[in-house]
Every structure is written in C-alpha cells, then in structure tokens.
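Structure at a glance
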Amino acid sequence: MKRVRNMILGLTLSLMFILSSCGTPTPEVVTVVVTATNSPATEAPVAQPTVPLAPINLGGPQGGETIKWIDGSVLVYIPTGSFTMGYGGDAPIHSISLDAYWIQQTKVTNRMYDQCVRAGGCTSPTQELGGPVFTNPSFASNPVVGVTWDQAQAYCSWMQGGLPTEAQWEKAARGANGNTYPWGEAEPTCGLLNFGNCYGRTTNVNTYEDGKSPFGLYDMTGNVFEWVFDWYDEAYYTTSPTANPTGPLTGKYRGVRGSSFETEDIQVLPAIRRYNEPTDAGRATGFRCVVQNPQPFAPYCQLTAHIPVNQVESATSCEMPEGVVVNQYCQNGDGYGVAQISFGSTWEESGTRIQCEENIDGGIRSLTCKGPRGIESTNEVIVCNPACTNQPDVSSLNAFCDAGYTLDPGTGKCTYTPILAQPGAGGCPLGYVTIQRGGVQVCAAGPAPDNSCPIGLYFDDLAGMCVSPNGETNAPFGIDDSVLAGQTYAGCVNGYAYNENFQCCQAAVGAVPPSCAPGFIFDDSIAACVPVQEEALGGTGCIAVRINTVKCVQLEDKVCAPIKEENRCVANLQCKWNEKADACDPRVKP
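Residues numbered from 1 in each chain as written. Predicted model: local features only at pLDDT ≥ 70, side-chain atom pairs only at ≥ 80, totals over all residues. Heavy atoms only, no water.

1. Overview of the nonpolar core
Rule in force here: Here the nonpolar core consists of buried residues drawn from Ala, Val, Leu, Ile, Met, Phe, Trp, Tyr and Cys, with membership extended through side-chain atoms lying within 4.5 Å. Each residue is placed in one exposure class: buried if its accessible area under a 1.4 Å probe, protein chains only, is under 20% of its type's maximum, exposed if it is over 50%, and partly exposed if it falls in between. Contacts are residue-level and defined by heavy atoms, with any inter-residue pair within 4.5 Å sufficient.
If you look at the biggest cluster of nonpolar residues, it comprises 79 residues, and the most contacted ones within it are Tyr113, Tyr155, Phe287, Tyr300 and Tyr496. Not counting the four nearest positions on each side in its chain, phenylalanine 287 is found in contact with Lys107, Val108, Tyr113, Val144, Val147, Ala152, Tyr155, Cys156, Leu163, Phe225, Glu226 and Trp227.

Encoded structure:
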C-alpha cells in the first residue's frame with residue numbers, strides 16, 4: 001500500500017511539473033455549427049452562484065445613443081426630460097415630462113416583420129392587390145404596411161417593447177425644443193422626406209439622412225403613417241397628466257402619427273394628431289416600437305456579416321441630363337403637361353398620380369404626361385444619365401462580424417464562438433477591448449469597424465467597453481462563461497431556444513436570425529450585407545422635372561367636403577385642410 005501511495009505521489013508531482021512548463025495557452029477559437037431544432041423558446045438556464053466580479057463604473061447612455069436590437073433594428077436613447085408638445089386645434093401647446101426610453105430609429109421594415117412572422121410571433125400583413133409583397137427582397141428595407149393596431153402591438157411585444165405613446169412619438173420626432181419639423185424649421189422638400197407623391201410609393205426607411213430628427217430618427221414625417229399606443233380623444237390634451245401621459249383608458253379610435261408618401265406639404269407637421277379604427281390595415285400605415293428598459297438577451301448563434309457603412313464612399317461627379325417643361329393643356333377633362341428631355345437618358349414617373357408617354361418628333365424627345373383628374377397637381381419625373389450610379393463602391397472594404405463571432409468568408413455567416421476572458425499573448429482579439437477589473441486584465445466586447453457594439457449593447461465611455469443599457473456589466477457577450485451567461489442573460493425571444501453548450505439563441509425550424517440591417521441588402525459577390533440607395537430616387541446623374549397639370553373638371557367629394565372642422569379634417573387620413581378656402585379637401589382624387 002505504501003508503495004502505491006508513493007507511485008501516486010510521484011505521478012502527481014510529474015504531472016504538475018509538466019503543466020507548469022506549458023505556460024498560459026492562447027485561447028483557441030473553434031467554429032461550431034448549430035443545427036436548428038423544433039424546440040420552443042426558452043429562458044436562459046438557472047446557474048449556480050459564482051464569485052462576484054469587481055464592479056465597473058458606468059457613465060450611462062447619452063441622448064441619441066444607439067444600440068442594435070434583437071429584431072435587426074436600431075434603438076435610439078431618448079433621455080429623461082421635458083419637451084414642448086402640440087401646435088393648436090386638438091393639440092394645444094403644452095409641456096410634458098417623460099421618463100427615458102429607447103425607440104426604433106426607423107419604421108419597422110418588411111424584413112424585420114418577416115422575421116417575426118417566421119418566428120411565430122406575428123401574423124402576415126394584409127397585402128394590397130398589385131402592391132409590393134412584404135417578403136420580396138427588393139422591398140426588404142421599406143416600411144411594412146397593411147397591419148392593424150393589434151398586429152403592430154404584437155410585433156412590439158415580440159421584440160420586448162410596445163407601441164410608443166403620442167408623447168413619446170412626438171418628443172422623438174421634434175426634440176426637446178419642439179421643432180416645427182423633425183429636421184428644423186425649413187419647408188418640406190423631396191430631399192427631406194417622402195411626401196406629396198415625390199416618389200409615389202414607400203421608400204427605404206433610412207433614405208432621408210437630411211430629414212432626421214434631433215435625436216437621429218428617420219422618417220418621423222413622410223413615407224407612411226404610424227400607429228401609436230393611445231386611444232384617440234380630441235380633448236385629451238386638456239386633461240392629460242404632465243408626466244408620462246398614456247392616453248385615455250378606452251376609446252373608439254387608436255392614435256396615428258406622422259404622414260405618408262401621398263401627404264401634401266401643409267399636412268406633414270409631426271405635431272398633427274390623427275386617428276383610425278384599430279382594425280384598419282391601410283396601405284400607408286406602419287409603425288415603430290419603444291423599449292423602456294432593454295435587457296441583455298443572449299446572443300444569436302448565427303448572424304450575417306456587414307460592410308462597415310461608415311467607410312463607404314459614393315460617386316460624386318457625373319454629367320447631368322436635361323429636362324424642361326414646355327406646355328400644359330386640357331383634353332377630355334384631363335390635365336396634361338409636356339416636357340422635353342435629353343436623348344440617351346432614362347426616365348421614370350415619381351409617383352402614381354402622373355402617367356407619361358414618350359414621343360420623338362422632329363429631332364425632339366418629349367414626354368406627354370397626364371395628371372390626376374379633377375385637381376391641379378404638380379408631380380415629378382426623374383430623368384437620369386444611365387452611365388452614372390448612386391450606389392456606393394464597396395469593392396475595397398472587408399466584411400466584419402461583431403465581437404464573439406467568427407466569419408465564414410464564403411457564405412457571409414457569422415457563427416458565435418466566444419473566447420476566454422483572459423487575454424492571450426497578443427492581447428485581446430479584434431473586436432474586443434482590454435479592461436482592468438479588480439486589478440486583473442480581462443477581455444470585453446468592444447465596437448466593430450463600423451463603431452457599433454454587439455446586439456443589445458452600447459459603448460460606455462467611462463467603462464471603455466460595450467455594456468447593456470440596464471447596467472448589467474457581468475453579461476459575458478463574446479466571452480466563454482456558461483455560469484455567468486445563465487445568471488445574466490434574459491433568455492431568447494419567441495421562436496428561438498437557448499443552447500447552453502454554445503451560450504446562444506438558436507432558431508427553431510422555420511425561424512431565422514436577423515439578417516441585413518435597414519438600408520442594406522445581401523450581396524452574393526462579396527458574401528456580406530452592403531448599403532444600398534434608392535435607385536429611382538435619383539442621386540448622382542439624375543434630375544427631377546416638375547410637371548404641373550391643371551384642373552380640367554369638377555369632381556364630387558363625398559368624404560372630405562362634409563367635414564367642416566379643421567381638426568377633424570386633418571385627423572382623417574384621406575383629407576387635408578385648405579386654409580384659403582376654409583374647407584376640407586381630399587388628399588388624393590376621389
């Protein structure tokens with residue numbers, strides 16, 4: 001027995017000597033393949049307590065701070081404080097104080113809504129006959145429309161949020177100082193928003209960079225209307241609380257804010273209140289969501305690589321085509337306008353209210369365009385030099401994945417492969433930062449080449465790392481620590497199951513993880529999501545020819561004309577108020 005004990009002791013000492021000579025190994029990144037299952041969504045497992053980590057001081061998010069979110073959107077931080085709300089009529093000017101919240105930077109897109117449908121959290125929108133199909137990749141970054149109030153709220157609940165209140169929506173649109181328009185005081189133009197049939201249909205949700213609100217939100221007027229949380233009551237502002245108003249307890253109509261691609265310029269003020277039946281699913285009504293207190297959800301097991309948009313450059317020079325209006329007339333009750341354009345150029349009607357035909361006569365190329373019947377109207381035709389492009393050149397840029405993911409350059413897939421917290425011999429890998437924690441150096445998730453943090457995190461300047469907005473600094477994003485993951489992650493959204501071995505959320509059969517961000521499209525040639533511009537909106541090498549058509553016949557209006565009050569007129573999504581005539585007119589022809 002004594003001899004056996006001596007042999008065990010000798011083997012133990014030898015093993016200790018061998019291990020001590022090896023030093024600290026550099027963490028090895030191993031690519032894993034996750035197989036989808038039919039398992040339902042789960043909460044993160046309950047783990048055994050671990051040794052508390054040294055606390056980290058945080059500066060907290062600042063106004064306009066952004067985070068990528070679990071549905072593929074970007075959330076913007078709106079800080080606590082007061083703002084000026086209202087403009088008159090059923091929206092008297094008053095001061096409101098709101099607690100801090102996060103709101104989506106763009107309207108919910110077709111791609112984002114499709115993810116919810118595939119995950120089982122949403123039902124398909126109502127499709128207008130002849131309209132774009134919401135699953136069509138060509139319209140992936142356009143706002144989803146054809147959804148009822150309940151469908152919009154269901155989506156927001158699925159992504160762990162809710163529809164914004166009227167007050168939350170208006171503060172995000174106008175800023176703390178109550179701008180007249182999201183961008184300031186300048187009059188609306190087709191370069192600031194999609195309205196007045198500048199384009200004739202919905203556009204990418206992040207097209208109008210110059211039209212953003214003070215907090216950096218897109219499309220807070222124009223493109224499509226948006227559902228809000230509140231029941232509508234035209235007298236509510238006179239009785240609403242001065243802090244965090246949420247609307248009446250009950251009602252017949254739900255509130256609608258914003259304006260659409262058809263709205264005339266005098267109706268695009270973001271302070272205008274509107275309403276609609278909650279069961280209506282209009283072709284020009286979408287929504288965005290708020291998240292009051294974002295929680296640290298577990299990472300997805302797989303994402304898609306992106307090109308860093310902050311490093312993209314577009315072409316800046318090109319020969320412009322020519323276009324000039326030469327005539328207008330009436331024929332058989334319809335108004336017509338005629339424009340001459342350059343040979344070799346391409347053209348497209350900007351909207352559905354004008355229809356053009358091309359003619360070549362006597363060496364002159366012209367367009368004869370018929371306007372909407374029964375009203376005077378000015379519409380645009382976009383004329384472009386086809387040798388030019390407004391698409392960005394990404395040929396010299398490299399795709400990237402967030403911290404914690406390994407890129408497969410052949411497919412553009414990013415697979416979650418967390419690393420050990422201890423820095424290797426060469427320090428922390430790309431995408432991570434080295435921080436001091438309790439006197440020990442450790443790796444933590446840092447910003448990507450586009451300066452964004454992994455999903456659900458923002459970069460805290462004081463901490464020097466990416467952290468969750470709820471202040472949880474122990475969530476091990478990109479770090480291999482199953483115990484901490486079990487203690488800190490808030491689980492997965494419906495349609496995804498937490499995989500304890502890989503410490504991430506894997507999609508159930510039929511569900512898909514977030515794909516390209518709004519304004520991006522997957523490019524097979526470089527296997528990554530690349531930014532894309534609205535081709536037909538023009539840009540480099542394009543001009544807008546404004547063609548006016550006159551009113552040639554009087555049509556009877558049975559919808560708007562009977563409305564005599566301005567506030568009820570502008571609240572009707574089909575109508576606009578005519579200040580000069582003191583009457584309610586239709587937004588589009590009857």
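Having put the structure on the table, let's press on.
2. Details of the state of the cysteines
For clarity, the cut-off: Sulfur atoms of two cysteines make up a disulfide when they are within 2.5 Å. Note on conventions: DSSP H or I runs of at least 4 residues are helices, E runs of at least 2 residues are strands, and numbering of each starts at the N terminus.
Within the structure shown, the criterion is met by 14 disulfides. At a sulfur-sulfur separation of 2.0 Å, the disulfide partner of cysteine 492 is cysteine 505. With the S-S dihedral at roughly -90°, the linkage between cysteine 492 and cysteine 505 falls on the left-handed side. Of the two residues, cysteine 492 sits in the loop between α5 (482-488) and β24 (496-499) while cysteine 505 sits in strand β25 (residues 504-507), which places them 13 residues apart along the sequence. Each member of the pair, cysteine 492 together with cysteine 505, is buried. With a sulfur-sulfur separation of 2.0 Å, cysteine 560 is cross-linked through a disulfide to cysteine 575. Taking the sign of the S-S torsion, about -90° here, the bridge from cysteine 560 to cysteine 575 comes out left-handed. Placement of cysteine 560 in the loop between β28 (542-549) and α6 (566-571) and of cysteine 575 in strand β29 (residues 575-578) is noted, with a sequence separation of 15 residues between them. Taking relative accessible area as the criterion, cysteine 575 reaches 0% and is therefore assigned buried.

3. Observations regarding unusual backbone geometry
Backbone geometry at aspartate 219 places phi at a positive 55°, although glycine is not the residue there. Mapped onto the elements, aspartate 219 comes out in the loop between α4 (166-174) and β6 (225-231). Among the residues examined, aspartate 219 registers a relative accessible area of 4% and is labelled buried. In this structure, glutamine 503 takes a positive phi of about 60° despite not being glycine. Accessibility expressed as a relative area gives 3% for glutamine 503, which makes it buried.

4. Description of the packing of aromatic side chains
Our working rule: For Phe, Tyr and Trp, rings pair up if their centres lie within 6.5 Å, where Trp contributes its six-membered ring, and each pair is then called stacked (planes under 30 degrees apart), edge-to-face (over 60) or tilted (otherwise).
Tallied over the full model, the rule gives 16 aromatic pairs. When the centroid spacing of 5.8 Å and the interplanar angle of 15° are considered together, the rings of tyrosine 113 and tyrosine 155 count as stacked. Of this pair, tyrosine 113 sits in helix α2 (residues 110-119) while tyrosine 155 sits in helix α3 (residues 149-158), and the two are 42 residues apart along the sequence. Judged by centre distance (5.7 Å) and plane angle (50°), the rings of tyrosine 155 and tryptophan 158 are tilted. Taken together, the positions of tyrosine 155 and tryptophan 158, both in helix α3 and three residues apart, correspond to about one turn of that helix. Here the two residues tyrosine 155 and tryptophan 158 agree in accessibility, since each one is buried.

5. What to know about α2
Among the ten residues in α2, eight count as buried, and that is most of the element. Buried within α2 are the following residues: Asn110, Arg111, Met112, Tyr113, Asp114, Gln115, Cys116 and Ala119. Taken together, the buried residues of α2 touch β5 (101-104), α3, β24 and β26 (520-523).

6. Concerning the environment of isoleucine 382
Structurally, the position occupied by isoleucine 382 is in strand β17 (residues 377-384). Look at isoleucine 382 and you get buried, because its relative accessible area is 8%. A sequence separation of 36 residues divides isoleucine 382 from threonine 346, and the C-alpha atoms of the two residues are 8.2 Å apart.

7. Digging into α4
Counting buried positions along α4 gives nine out of nine residues, so the element sits mostly inside the fold. Every buried residue of α4 is listed here: Glu166, Ala167, Gln168, Trp169, Glu170, Lys171, Ala172, Ala173 and Arg174. The first or second residue beyond α4 is glycine 175, which carries a positive phi of 85°.

8. Side note on the sheet that holds strand β2 (residues 74-78)
Condition: DSSP bridges decide pairing: two strands pair if at least two such bridges lie between them. The axes used here are C-alpha line fits, helices contributing only the stretch in contact, and every angle between their N-to-C directions lies in the interval 0 to 180 degrees.
Read across the sheet, four strands follow the order β1-β2-β5-β10 without closing on themselves; strand pairing throughout is antiparallel. Both outer strands of the open sheet, β1 (66-68) and β10 (290-291), are each paired with one neighbouring strand and no more. Packing of α4 onto the sheet brings it into contact with β2, β5 and β10, and relative to β5 it is tilted by some 75°.

9. Regarding the pattern of salt bridges
Think of it this way: side chains of opposite charge can pair up when their charged atoms draw near. Heads up, the rule is: By salt bridge we mean one thing: a side-chain nitrogen of Lys or Arg within 4 Å of a carboxyl oxygen of Asp or Glu.
The final tally for this structure, using the stated rule, is 14 salt bridges. Of the charged contacts in the structure, one is a salt bridge between glutamate 170 and arginine 174, with a shortest N-O distance of 2.7 Å. Within this pair, glutamate 170 and its partner arginine 174 are both found in helix α4, separated by four residues, close to a single helical turn. The two residues glutamate 170 and arginine 174 agree in class, both being buried. Between glutamate 226 and arginine 288 there is a salt bridge; the shortest N-O distance is 2.9 Å. Here glutamate 226 is found in strand β6, whereas its partner arginine 288 is found in the loop between β9 (285-286) and β10, with 62 residues between them in sequence. As far as the burial class goes, glutamate 226 and arginine 288 line up, both buried. Taken together, the salt bridges that share partners define one network made up of Glu166, Glu170, Arg174, Arg257 and Arg273.

10. Let's talk about the sheet that holds strand β15 (residues 355-361)
Read across the sheet, four strands follow the order β12-β13-β16-β15 without closing on themselves; strand pairing throughout is antiparallel. Only two strands of the sheet have a single partner each, and these edge strands are β12 (323-331) and β15. Strand-to-strand twist across the sheet, computed as the mean angle between neighbouring axes with direction ignored, equals 25°. Bridging between β15 and strand β16 (residues 364-370) involves seven bridges; their strand directions are antiparallel.

11. With respect to the environment of tryptophan 169
Within the secondary structure, tryptophan 169 is located in helix α4. Looking at tryptophan 169, the relative accessible area reads 0%, which means it is buried. Spatially, the C-alpha atoms of tryptophan 169 and proline 270 are 9.1 Å apart, while their sequence positions differ by 101 residues.

12. Observations concerning the side chain of glutamine 153
Its place among the elements puts glutamine 153 in helix α3. Assessed through its relative accessible area of 19%, glutamine 153 is described here as buried. Beyond its immediate stretch of four places on either side in the chain, glutamine 153 contacts Gly162 and Leu163.

13. Re the pairing of strand β13 (residues 334-341)
The buried fraction of β13 is high, at seven of eight residues. The sheet contact formed by β12 and β13 spans eight bridges and is antiparallel. What sits directly across from glutamine 328, in β13, is glycine 337. Counting the residues that bridge the hairpin from β12 to β13 gives two residues, and of these asparagine 332 lies at a positive phi of roughly 55°. Here β13 runs beside β16; their pairing, made up of five bridges, is antiparallel. Opposite glycine 337, over in β16, you have cysteine 369 as the bridge partner.

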